[in-house]
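# Commentary on secondary and tertiary structure
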Amino acid sequence: MDKASADCPYPGCFFCVMKEGNPSKRRASIIKFFRDLPSQDDDGQVLPISGLWNTAMAHPNDPEFIELGIFECMAALIWKGLKNRRWLSHDQNIYIPYYAAHIIGSYTMNMEEFAESAVRAGVIPPLVELLRGRLTWVEQRVAVRALGHLATYPSTFSAIANHGEILELSIQLAMSSLEIVYTHFYQNVDRRISYHCDLLTRGMGGVEMESRKAEEWASQLQCWSLQLINCFAFKPEFLSTICKPDLLVKLPGMWGGLVNENSPAGIGLLRTICHHKYGRGPVASCPGIIEALCNIARSSDDWQYMAIDCLLWLLQDPTTCSKVIDKAVPALLDLTEITTLGDHKKLGDTIVNVLQECLESQGTGRNSISSRVKEEIEEVLSSRQRLKWEKNMPKEDLHIKHAAALVVKLEGNSLFSSGNISGAASKYSEALALCPVRSKKERVVLYSNRAQCYLLLQQPVAAISDATRAICLHNPLNRHAKSLWRRAQAYDMLGLAKESLLDAILFINECSQSNDPDLSLRQNKVPDYAERLVKKQMRAAWLFKDASVKHGGVQCEGDTGHAYGQEADDSEWETASESDIGNDERDELGDDDCDWKTEDERKDKYDKPSMKGSLHSQPRWER
């Protein structure tokens, strides 16, 4: 251990130790290195620690260092940094507690036996001190990550739970993490701690890069705090601590950031809470949460199924059903056409069954359903009954119903072209009543067209409902570009920036992948109207927006101006076959022709009307 290589000036150099060819000597030298390092005050200690960090990140499942005492060493180094500020400020030692906590987290994220070794090595108390904020938010970030991994395993959770303050601290951090990073780093450019800047940029430098990385790390700080809370939320005895209104009301808005797609985010924690009977009561009693859950349930993001689960569990619980039914049912009614969503099979059928149970429980006195909600549920049940009837109908009768719906739809198109938006909406409603339930593609177009009518009539809630139904009917699910765009605009009208942003991004993604000449991006250029909306919503949904407003920060550049102008884009109406019976049920009914035989005839009949209003910057009408 004391013998360095000929070209190395440092006695006992860790990197020289790692080159030792004799396994037994190498092992003994590493054990001595881990044992002696915390007591040394030599310069250059950060180099081997950063090397260990790289090794832990690259090979987190390698047991060698675990067996040789790395956890004891890292715990001791954190304690040293907390207790000896003179040492911490010397040379580059300020980095060491950060790297040490990161190493603990990396080696415990996959292997339960490693986590057990870490607990035995005493890593929890120093990590808790970092979680308290004894150093800075950067160390809090890696401490909550490591504690979250330790809390994941059954064999080590109790050791975390025995430190009762961990839950309270993680709750405080989840709620305040964005504000902490904003005030301690983002807002005060001239007072940024130099080693924070170095950690965030990793040599790339520049204020802009530091700011971007700070947003990512702030997002991770919140995500990992939520993950740690989520481990406690699986245990009913901790729900009374978690289910406080000040946390619950903020959870739906805690996205956790788009770079943390594996995080449960706030909605994931709500799902865990709603899984327990003791958690559903507080959730149902918090104003705004149910409405937020409804918006997420209608969304097209990765967490959609979590919100749907929450709403279904709340409706199935007789103690919470009456509190949420008026808001939850309209949202779920829009989702009854979903077939498969992630691991959820026949999700639409599950939703219908739960809604039917709600309706039937009305007679038992369990719930109080308004007449409006009752009618909406009965309409969906009637639609399901229609589908059963259609299976036994002669093909000719289905053709007649489909043809009648097509005629009425064309009347609606004509009314829209002439500027009679209300009349067009009525015609689309009439066409939906006539159109066979199995004609999914046709119904997608009808719902999407009616959604546009509702937008122009300044009825965003109705527009969201119809756009969502079109998106759910479409195959593949959540991929109907024009409905995504119309819903994005409707969300914008309601001031729901995050929801609007997600739909606008998905719309652009669909355009980039579409073979439809009406939607495909010319020369890979994002349409101006979509780019404007995305930029607007990114500013409105900026991670530090609330903290900036609270602390008097300036808004991002370009915060003024409307998201979309009055000019129309060049895309055309949807040109898919008017008959999806022919496409979906070809073996039964055969193909139908498109409405117009030539491109010239289509353009002559349906040139887009010249109407004033910002909502016309969008894909054109669907035939």
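Residues numbered from 1 in each chain as written. Predicted model: local features only at pLDDT ≥ 70, side-chain atom pairs only at ≥ 80, totals over all residues. Heavy atoms only, no water.

### Details of the confidence of the model for the chain
- Residues at a pLDDT of 70 or more form 82% of the chain, whose mean pLDDT is 83.
- Within the model, the stretch residues 556–618 combines pLDDT values under 50 with 149 contacts to residues more than four positions away or in other chains. (pLDDT = per-residue confidence, 0-100. Contact = heavy atoms within 4.5 Å.)

### What about the packing of helix α7 (residues 96–108) against helix α10 (residues 137–152)?
- The interhelical angle for the contact between α7 and α10, taken along N-to-C directions, is 25°, at an axis separation of 8 Å. Taken together, the axes of α7 and α10 lie roughly parallel to each other. Once α7 is placed against α10, the crossing between them reads as left-handed. Taken together, the residues of α10 that come into contact with α7 (itself represented by Y98, A101, H102, I104, G105, S106 and T108) are V138, E139, R141, V142, A143, R145, A146, H149 and L150. (Axes fitted to C-alpha atoms, helices over the stretch in contact; angles between N-to-C directions. Helix = DSSP H or I, 4+ residues; strand = E, 2+ residues; numbered from the N terminus. Parallel < 35°, antiparallel > 145°, perpendicular 65-115°, else oblique. Left-handed = near helix turned anticlockwise from the far one by under 90°.)

### With respect to the packing of aromatic side chains
- As enumerated under the stated definition, the model contains 22 aromatic pairs in all.
- Here the aromatic rings of Y95 and Y195 are separated by 5.4 Å at their centres, their planes lie at 70°, and the arrangement is edge-to-face. With Y95 in the loop between α6 (85–89) and α7 and Y195 in helix α13 (residues 194–201), this pair connects stretches of sequence that are 100 residues apart. For the pair Y95 and Y195, a shared accessibility class is recorded, and that class is buried.
- Measuring from centroid to centroid gives 5.0 Å for Y186 and F544, while their planes differ by 55°, and the two rings are tilted. Of this pair, Y186 sits in helix α12 (residues 165–186) while F544 sits in the loop between α30 (528–540) and α31 (545–550), placing them 358 residues apart in sequence.
- Chaining the aromatic ring pairs together yields one cluster made of W53, Y95, Y98, Y99, W137, F185, Y195 and W217.
- Lying across the ring of W224, R145 places its NZ or CZ 5.8 Å from the centre. (Phe/Tyr/Trp six-rings, centres within 6.5 Å; stacked < 30°, edge-to-face > 60°. Buried < 20%, exposed > 50% of the residue type's maximum accessible area, 1.4 Å probe, protein only. Lys NZ or Arg CZ within 6 Å of the ring centre and 35° of its normal.)

### Let's talk about the packing of helix α24 (residues 395–417) against helix α25 (residues 421–434)
- Packing of α24 against α25 leaves a shortest axis separation of 8 Å and a crossing angle of 170°. On the basis of the axis angle, α24 is roughly antiparallel to α25. Contact residues: K401, A404, A405, V408, K409, E411, G412, N413, L415 and F416 in α24; I421, G423, A424, K427, Y428, E430, A431 and L434 in α25.
- Its residues assigned to classes, the contact of α24 with α25 shows ten nonpolar, three polar and five charged. (Nonpolar A, V, L, I, M, F, W, Y, C, P; charged D, E, K, R; others polar.)

### Re the pattern of salt bridges
- Inspection of the entire model under this criterion finds 27 salt bridges.
- Where E129 meets R132, a salt bridge forms, and the shortest distance between an N and an O atom there is 2.2 Å.
- For the salt bridge of E376 with R372, the shortest nitrogen-to-oxygen distance reads 3.5 Å. Note that E376 and R372 are positioned in helix α23 (residues 371–391) at a spacing of four residues, about one turn of the helix.
- Residue E376 is classed as partly exposed on the basis of its relative accessible area, which comes to 24%.
- Here the salt bridges share partners, and the residues they tie into one network are E129, R132, R134 and E165. (Salt bridge = Lys/Arg side-chain N within 4 Å of Asp/Glu carboxyl O.)

### Describing the layout of surface pockets
- Estimated volume of the second largest pocket: approximately 970 Å³.
- Lining the second largest pocket we find 37 residues, and of these P330, D334, S465, D466 and R469 sit closest to its centre.
- Breaking the lining of the second largest pocket down by element, the ones donating at least two residues are α19 (289–298), α21 (321–333), α23, α25, α26 (440–456) and α27 (460–473).
- Residue composition of the lining of the second largest pocket, grouped by class: 17 nonpolar, six polar and 14 charged.
- Each of two domains, domain 2 (235–361) and domain 3 (393–547), supplies a minimum of three residues to the lining of the second largest pocket. (1 Å grid on protein atoms, 1.4 Å probe; cavity = no way out; pocket = protein on both sides within 12 Å on 5 of 7 lines; lining within 4 Å. Points joined across faces, edges and corners; volume = space filled by probe spheres on them. Domains from an automatic or database assignment.)

### Here's the deal with unusual backbone geometry
- With an omega of 10°, the peptide bond between N475 and P476 qualifies as cis.
- Note that P476 resides in the loop between α27 and α28 (481–493).
- Despite not being glycine, D91 shows a phi value in the positive range, around 50°.
- Considering the arrangement of structural elements, one finds D91 in the loop between α6 and α7.
- Residue class for D91 comes out partly exposed when judged on its relative accessible area of 42%.
- In this structure, Q458 takes a positive phi of about 60° despite not being glycine.
- With respect to the element layout, Q458 can be found in the loop between α26 and α27.

### Examining the environment of P460
- Tracing the sequence through the fold places P460 in helix α27.
- The exposure class of P460 is buried, given its relative accessible area of 11%.
- The residues contacting P460, other than those within four sequence positions of it, are A490, M493 and L494.

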